[in-house]
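Examination of the molecular architecture
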Amino acid sequence: MPGSEWGTATEQRFNVNLSILFTELPLLERPAAAAAAGFTAVELWWPWVDSPTPERSELDALKKAIEDAGVQLTGLNFYAGQLPGPDRGALSIPGAESERFRANIDVAADFARSLGCKALNALYGNRVEGVEAAEQDALALENLVLAARAADRIGAILLIETLNRPESPLYPLVSAPAGVAVVDRVNEATGLGNARFLMDLYHLSMNGEDLPSVIERYAAKTGHVQIADNPGRGAPGTGTLPLEDLLGRLRKAGYEGWVGLEYKPGDRPSAAAFDWLPAEARAAR
């Protein structure tokens, strides 16, 4: 936030989500832009919304752009349909979308492995009219088990994310307990223990949840944290969320993982949307 010291920021490991920041640039230019802003780590939603299995040349070009920029890819979504857009994942949707998710699993895992990325996020998917919730949940568990095994194969964790009901009214995981319950089911089914909760403080705040309580209860099951201010999903300081305090609570609760900057830059270039964070705190230690 402009004027704030963000005194504990130097204790955090931040990465930039290149699917919501620097989107004014072509995909292959975003890693270098993040590096120019002082960051050394990035994350991505699945970049090819129309293809769970893009051409090898496209994968190689993105890999080269990330390597040439000298940044680390720390998180990647599996194929999730049209995101941004109307979709919120594919893995619980019977038929073609589930098949596309399955076709993507090894592609995403192998791409992550090629860049040393250790976290793969699997968005659950919206409820479908005319399909029983129990049928979707059974399919989701099947696909999440496959995804967890692929993540385990590359030494990665599988992330399961809670979204918010106002913006994602058809998405069933709209509370921290709902997301964590799926994490527990996947771990029970695989025996691998590599499923983790993705704690997005913006989404949880939009749901009206007690964030200090969520942190206290679920920090130990959390594999990744994402932040944006509320209201507006902008940079810290543009809304009213006490993000510095919340991240401090996470650290005290034992969370030492990445904090993904997943916010909208507003009506300014993305490079100008980091004035809340001291330059020396942007490079991950």
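It should be noted that the structure appears before, not after, this text.
Here the residue numbering is sequential within each chain, running from 1 through the sequence in written order. For this predicted model, a pLDDT threshold of at least 70 governs which residues receive local features, and a threshold of 80 or more governs which side-chain atom pairs are given and counted, while totals over whole chains, interfaces and linings are taken from all residues. Note that the side-chain values use all heavy atoms of the structure and ignore hydrogens as well as water.

1. Considering the pattern of salt bridges
For salt bridges, the criterion is a side-chain nitrogen of Lys or Arg within 4 Å of an Asp or Glu carboxyl oxygen. Across all of its chains, the model carries 13 salt bridges by this definition. A salt bridge links Asp60 to Arg56; the nearest nitrogen and oxygen atoms lie 3.6 Å apart. Taken together, the positions of Asp60 and Arg56, both in helix H2 (residues 56-69) and 4 residues apart, correspond to about one turn of that helix. For every residue, the accessible area obtained with a 1.4 Å probe (protein chains only) is divided by the maximum for its type, and the residue is called buried under 20%, exposed over 50%, and partly exposed between those limits. For Asp60, a relative accessible area of 36% translates into the label partly exposed. What emerges from the salt-bridge pattern is a single network uniting Asp106, Asp110, Arg113 and Arg153. For the purposes of this entry, the term helix denotes a DSSP run of H or I that reaches at least four residues, the term strand denotes a run of E that reaches at least two, and both are numbered from the N terminus.

2. Here's the deal with the nonpolar core
What tends to happen in soluble globular proteins is that the nonpolar side chains get buried as a cluster. In terms of nonpolar packing, the biggest core is built from 89 residues, with Met199, Leu261 and Phe274 touching the most fellow members. Among residues more than four places away in sequence, those in contact with Met199 are Leu204, Val214, Ile215, Tyr218, Ala219, Thr222, His224, Val225, Gln226 and Leu250. Each nonpolar core is a collection of buried residues, namely Ala, Val, Leu, Ile, Met, Phe, Trp, Tyr and Cys, held together in the definition by side-chain atoms within 4.5 Å. For this analysis, residues touch if any pair of their heavy atoms sits within 4.5 Å.

3. Notes on the packing of aromatic side chains
Stacked, tilted and edge-to-face are the three classes assigned to paired rings of Phe, Tyr and Trp, where Trp is represented by its six-membered ring and a pair needs centres within 6.5 Å; plane angles under 30 degrees give stacked, over 60 edge-to-face, the rest tilted. According to the stated counting rule, one finds 9 aromatic pairs in the structure shown. Where Phe197 meets Tyr218, the ring centres are 6.4 Å apart and the plane angle is 70°; that geometry is what we call edge-to-face. Linking Phe197 in strand S6 (residues 195-200) with Tyr218 in helix H7 (residues 211-218), this pair joins segments that are 21 residues apart in sequence. One exposure class covers both Phe197 and Tyr218, and it is buried. Above the face of the Trp258 ring, Arg13 is positioned so that its terminal group lies 4.3 Å from the ring centre. Note on criteria: charge over ring means Lys NZ or Arg CZ within 6 Å of the ring centre, with the direction from the centre no more than 35 degrees off the ring normal.

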